[in-house]
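Here is what each chain is made of, one letter per residue.
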Amino acid sequence: MSAFPATVSRLGLYPVVDSVEWIERLLDAGVRTLQLRIKDQSDEAAEAAVAQAIALGKSYDARLFINDYWRLAIKHQAYGVHLGQEDLAVADLAQIRQAGLRLGISTHDDAELDRALAIQPSYIALGHIFPTRTKQMPSAPQGLAELQRHLTRLTHIPTVAIGGISVARAPAVLATGVGGIAVVSAITEAEDWHEATRTLLALAEPAQPA
Ligand SMILES: Cc1ncc(COP(=O)(O)OP(=O)(O)O)c(N)n1
Ligand SMILES: Cc1nc(C(=O)O)sc1CCOP(=O)(O)O
Ligand SMILES: [Mg+2]
């Protein structure tokens, strides 16, 4: 199987949210990499939100990944799709690649990393780094040392860390050299989501000198 299309080498701040309202707010706030993560709906029920999110992503020239709903992502020509290890068993990867969509894959240990790398995706997600209340995880948090160890074999592909990344923890995560930080509650449960987004953007995507 050949490689999936490339994305940018450093994805920066990567919010993962569950509604079109959040997608629009975050695009307005300057976020350019983000994911629509709707869970447990049929394709029919999710389609309107997926289509609207993709259209919004295009209008802001953003990198909008659709979690799980790969058929809808192809149908509405999303920038990309995010799939976990269980999703890989049921998704038609050849169809996703032929449609020109980028692909991100979740990993949680060395074996999952081997499997993901063999698929040559556009980026690799490494989680969960810290305890998270957003999703029930079957494994233990990997921690920063394990993240750092994984990164030594991932110099050729964009990477994203996920799981329990707060504003306070973001600097230590970014110090490992990981190219992106995917966050849910750090933004959606923040007292002031706009301020949290601004701070995370400044940490993950510092302005380059002219
Ligand atoms: C950036 C990013 N990393 C990991 C995940 C988790 O994907 P998955 O393992 O398929 O679990 P669900 O999100 O589908 O519950 C993600 N969505 N995004
Ligand atoms: C959706 C998801 N996937 C994870 C993984 O490790 O694959 S952790 C996670 C939830 C991340 O939420 P928060 O930023 O609120 O901890
Ligand atoms: Mg999934």
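Not measured: the values here are computed from a predicted model. (Residues numbered from 1 in each chain as written. Chains lettered and ligands numbered in written order. Predicted model: local features only at pLDDT ≥ 70, side-chain atom pairs only at ≥ 80, totals over all residues. Heavy atoms only, no water.)

1. Brief notes about the packing of aromatic side chains
Here the distance between the centres and the angle between the planes together describe a pair of aromatic rings. Heads up, the rule is: Pairing of aromatic rings covers Phe, Tyr and Trp, the last counted by its six-membered ring, and requires centre-to-centre distances within 6.5 Å; plane angles under 30 degrees mean stacked, over 60 mean edge-to-face, and any other angle means tilted. Helix and strand definitions follow DSSP, with helices as H or I runs of at least four residues and strands as E runs of at least two, each counted in order from the N terminus. Partly exposed describes any residue whose relative accessible area lies between the buried limit of under 20% and the exposed limit of over 50%, with all areas from a 1.4 Å probe on protein chains only and scaled to the type maximum.
Enumeration over the complete set of coordinates arrives at five aromatic pairs. Judged by centre distance (5.4 Å) and plane angle (90 degrees), the ring pair of Phe65 and Tyr79 falls under edge-to-face. Within this pair, whereas Phe65 is found in strand 3 (residues 63–67), its partner Tyr79 is found in the loop between helix 3 (70–75) and strand 4 (80–83), the two being separated by 14 residues in sequence. The exposure class of Phe65 is buried, given its relative accessible area of 0%. A relative accessible area of 19% places Tyr79 in the buried class. Relative to Tyr123, the ring of Phe65 has its centre 5.1 Å away and its plane inclined at 85 degrees; by these criteria the two rings are edge-to-face.

2. Points about the coordination of the magnesium ion (ligand 3)
Quick reminder of the rule: Note on donors: an N, O or S atom is included if it sits within 2.8 Å of the metal, or within 3.2 Å for Na, K and Ca, and water is never included, so sites can look incomplete.
Looking at the metal site, the magnesium ion (ligand 3) is ligated by Asp68 (OD) and Asp87 (OD), spaced 2.1 to 2.3 Å from it. Residue Asp68 is found in the loop between strand 3 and helix 3, and its partner Asp87 is found in helix 4 (residues 85–88); the two are separated by 19 residues along the sequence.

3. Structural notes on the site of ligand 2
Short version of the rule: Think of it this way: one heavy atom of a residue within 4 Å of a molecule or strand is enough to make that residue near it. Two N or O atoms form a polar contact when they lie within 3.5 Å of each other; inside protein one atom must be a possible hydrogen donor and the other a possible acceptor, and for residues adjacent in sequence the pair counts only when both atoms belong to side chains. Surface exposure here means Shrake-Rupley accessible area, sampled with a 1.4 Å probe, where a residue is shielded only by the protein chains that are shown.
Inspection of the region around ligand 2 gives 14 residues, with His108, Thr132, Thr134, Gly164 and Ser185 positioned closest. Here an oxygen atom of ligand 2 sits 2.4 Å away from a polar atom, N or O, in the side chain of Thr134. At a separation of 2.6 Å, an oxygen atom of ligand 2 approaches a polar side-chain atom of Ser185. Starting from 420 Å² of accessible surface for ligand 2 in isolation, the protein chains cover 95%.

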